[in-house]
Protein chains: 2
Amino acid sequence: MAEHTIKAFDEEIDRLRGLIAEMGGRAEAAIENAMLALQRQDQRLAAEVVADDKRIDALEAEVEKLVVQIIALRAPMANDLRDVIAALKIVSVVERIGDYAKNIAKRVPLIAANQHKLEPVSLLPSMGQVAGEMVQDALNAFAARDAELALAVVERDQVVDDFYDSVFRTLVTYMVENPKTISECAHLLFIAKNIERIGDHATNVAEMVYYAATGQTLPERERGGTQQQEN
Amino acid sequence: MAEHTIKAFDEEIDRLRGLIAEMGGRAEAAIENAMLALQRQDQRLAAEVVADDKRIDALEAEVEKLVVQIIALRAPMANDLRDVIAALKIVSVVERIGDYAKNIAKRVPLIAANQHKLEPVSLLPSMGQVAGEMVQDALNAFAARDAELALAVVERDQVVDDFYDSVFRTLVTYMVENPKTISECAHLLFIAKNIERIGDHATNVAEMVYYAATGQTLPERERGGTQQQEN
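- By the naming in an unreviewed UniProt entry, chain A is Phosphate-specific transport system accessory protein PhoU, taken from Sphingobium scionense.
- UniProt lists a comment for chain A under the heading Function (unreviewed entry), and it reads "Plays a role in the regulation of phosphate uptake."

In structure tokens:
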């Protein structure tokens, strides 16, 4: 590329990375606030998380426009082109993470409604904490092209999966013993599943970063006890 | 583009569309087979659905490679560039639809295991049927650039959402009355949610097709009774 084009390209890549960082920060905040709203039964905070998700979606659309513009104007080649396509994939995953946080927040009013303390609720914040940190580390790994940090995220997914299996069993037991709470516990099951999926998506981002940095694909992890076990 | 380049470009676009059609066909088959496996409690068929999902993932990777190649070699502009980027987005959604079908199949052994007939299972095939048809129509709309067909898919999502709300209530009632089945009914809840998400993703594809064909974004649909209602 001509020198002035390289300068414009570098500015656009910086802007792209800035948008991804902003999206990531908002997704991380959404997870944290959704979990806070759940713990405190704070319906106002939950409604904010739901409303703020539109901003995350808008950022994804902005990144797509910018990517198309970069490709059209700068004709990036080889690694530059792959980087730009990778940015598209990553924002798609971050947008989905934001959606899961929004879905958690949407369920908060359905659990607060019944106003007796549900013991199993206390299990979820720690699980949410781990998943939120995985998102943060995965996006930091992306920003720094840090393969080691990416690998650490992938390995931490087992923690979230184990947490989920434990929460599932606890909730089912609680439902059997407290049939009046079955409807609310169903919502808690979905919330736990949403957190587990956030962990999966953070792992996706980390795997993309690892591959981009090393050229190696990580092997498929086997889950839980028996291979087919799924909760 | 030079004439021979246009010819090569057209061939690559044809190949791209062919890969998307193949992915779509496999995703539709996965939904159908997962639901059949559930109804028949057929663990072998369920295992096939799980194994076949790798082929859908591989097709997505192939489409990505081809898109990068087309961009690098043909430098598509304007509508051609947007079409190619749209192809990337669509295969990402189709791959997720395949994942939901796989996740339904993975739960089949966990419901068959207990070997008493669960009444609520009979609700799910019709729901799966509608969602599967939405996927088929959304991908046909994409292939034909058919805005009307795309719009019909978007409007049909309400059917799946209403189905889901009904299944949720039925399952919760059944769980209260049959506490021995709570664990299996939890799996059925997740299966119903997976089918509902398949409908959502088919709607995403249809919205992309509608926008590409008309330049118009469809308004956000409001769900269910109260705006915040979520099951």
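**Comments concerning the side chain of E28 of chain A**
All names here are of chain A.
Then, number 1: For E28, the location among the structural elements is in helix α1 (residues 3-40).
Then, number 2: For the buried E28, which has no salt bridge, the nearest side chain bearing the opposite charge is R156, at an N-O separation of 11 Å.
Then, number 3: A polar atom in the side chain of E28 sits 3.4 Å from the side chain of Q136.
Then, number 4: Discounting chain neighbours no more than four positions away, the residues touching E28 are G132, V135, Q136 and L139.

**What to know about the environment of N194 of chain A**
Residues and elements named next belong to chain A.
Then, number 1: You can see N194 is positioned in helix α6 (residues 182-214).
Then, number 2: Residues N194 and I97, 97 residues apart in the sequence, show an inter-C-alpha distance of 9.0 Å.
Then, number 3: Excluding residues within four positions of it along the chain, N194 makes contact with Y100, N103 and I104.

**Thoughts on the relation of the copies chain A and chain B**
Each of the two chain copies can be generated from the other by rotation about an axis followed by a shift along it.
Then, number 1: Each copy superposes on the other: chain A lies on chain B with an RMSD of 0.0 Å after a rotation of 180 degrees and an axial shift of 0.0 Å. The relationship between the two copies is best expressed as a two-fold rotation axis.
Then, number 2: Here 97% of the contact residues of chain A are again contact residues in chain B; the copies associate through an equivalent surface.

**Looking at helix α5 (residues 147-177) of chain A**
Then, number 1: A rise of 1.5 Å per residue sets the reference length of α5 of chain A, with its 31 residues, at 45 Å; its end C-alpha atoms lie 46 Å apart and thus fit the reference within 8%.
Then, number 2: With a side-chain oxygen lying 3.1 Å from the backbone nitrogen of E148 of chain A, the N-terminal cap of α5 of chain A falls on D146 of chain A.

**Some details on the packing of α6 of chain A against helix α6 (residues 182-214) of chain B**
Then, number 1: Between α6 of chain A and α6 of chain B, the least distance of the axes is 11 Å, while the angle of their chain directions is 60 degrees. In terms of orientation, α6 of chain A and α6 of chain B fall into the oblique class. Between α6 of chain A and α6 of chain B lies a crossing of right-handed hand. Of the residues in α6 of chain B, those touching α6 of chain A at I182, A186, L189, F190 and K193 of chain A are I182, A186, L189, F190 and K193 of chain B.
Then, number 2: Tallied by class, residues from the contact of α6 of chain A with α6 of chain B come to eight nonpolar, no polar and two charged.

**Brief notes about the state of the cysteines**
Then, number 1: Scanning the model with the defined rule gives zero disulfides over all chains in all.
Then, number 2: In this structure C185 of chain A is not part of a disulfide, and its nearest cysteine sulfur, from C185 of chain B, lies 14 Å away.
Then, number 3: Given a relative accessible area of 0%, C185 of chain A falls into the buried group.

**Section: the UniProt feature "domain: PhoU" (unreviewed entry) in chain A**
Residues and elements named next belong to chain A.
Then, number 1: UniProt's entry tags residues 20-108 and 125-209 with the feature "domain: PhoU" (unreviewed entry), counted in the numbering of this structure.
Then, number 2: This span, residues 20-108, is 94% helix and 0% strand, and a straight line between its end C-alpha atoms measures 28 Å.
Then, number 3: Strand forms 0% of residues 125-209 and helix 93%; the C-alpha atoms that close the span are 27 Å apart.

**So, the confidence of the model for chain A**
Then, number 1: For chain A, the average pLDDT comes to 91, and 93% of its residues sit at 70 or higher.
Then, number 2: Interface scoring of the predicted complex returns ipTM 0.90; its pTM is 0.92.

**Considering the pattern of salt bridges**
Where charged atoms from two side chains of opposite charge approach closely, those side chains can pair.
Then, number 1: For the structure shown, the criterion picks out 25 salt bridges over all chains.
Then, number 2: With a closest N to O distance of 3.0 Å, K89 of chain B and E64 of chain A form a salt bridge. Taken as a pair, K89 of chain B in helix α3 (residues 78-112) and E64 of chain A in helix α2 (residues 43-74) lie in two separate chains rather than in one.
Then, number 3: The closest approach of N and O atoms between D137 of chain A and R156 of chain A, which form a salt bridge, is 2.8 Å. Here D137 of chain A, found in helix α4 (residues 124-144), pairs with R156 of chain A, found in helix α5; they are 19 residues apart in sequence, far enough to count as distant.
Then, number 4: Ionic contacts of the salt-bridge type, sharing partners, join the residues E22, R26 and R55 of chain A into one network.

**Remarks on the nonpolar core**
Then, number 1: Membership of the largest hydrophobic core comes to 160 residues, with the highest contact counts inside it found for L16 and L124 of chain A together with L16 and L124 of chain B.
Then, number 2: Setting aside residues no more than four positions away along its own chain, L16 of chain B makes contact with V63, L66, V67, I70, V84 and A87 of chain B.

Analysis parameters
- Residues numbered from 1 in each chain as written.
- Chains lettered and ligands numbered in written order.
- Predicted model: local features only at pLDDT ≥ 70, side-chain atom pairs only at ≥ 80, totals over all residues.
- Heavy atoms only, no water.
- UniProt positions renumbered as here; feature names shortened; annotations may be inferred.
- Helix = DSSP H or I, 4+ residues; strand = E, 2+ residues; numbered from the N terminus.
- Buried < 20%, exposed > 50% of the residue type's maximum accessible area, 1.4 Å probe, protein only.
- Lys, Arg positive; Asp, Glu negative; His and termini not counted.
- Salt bridge = Lys/Arg side-chain N within 4 Å of Asp/Glu carboxyl O.
- Polar contact = N/O pair within 3.5 Å; in protein donor to acceptor, adjacent residues only side chain to side chain.
- Contact = heavy atoms within 4.5 Å.
- Least-squares fit on C-alpha atoms with pLDDT ≥ 70 in both.
- Expected span 1.5 Å × (residues − 1).
- Axes fitted to C-alpha atoms, helices over the stretch in contact; angles between N-to-C directions.
- Parallel < 35°, antiparallel > 145°, perpendicular 65-115°, else oblique.
- Left-handed = near helix turned anticlockwise from the far one by under 90°.
- Nonpolar A, V, L, I, M, F, W, Y, C, P; charged D, E, K, R; others polar.
- Disulfide = S-S within 2.5 Å.
- pLDDT = per-residue confidence, 0-100.
- Core = buried A, V, L, I, M, F, W, Y, C linked by side-chain atoms within 4.5 Å.

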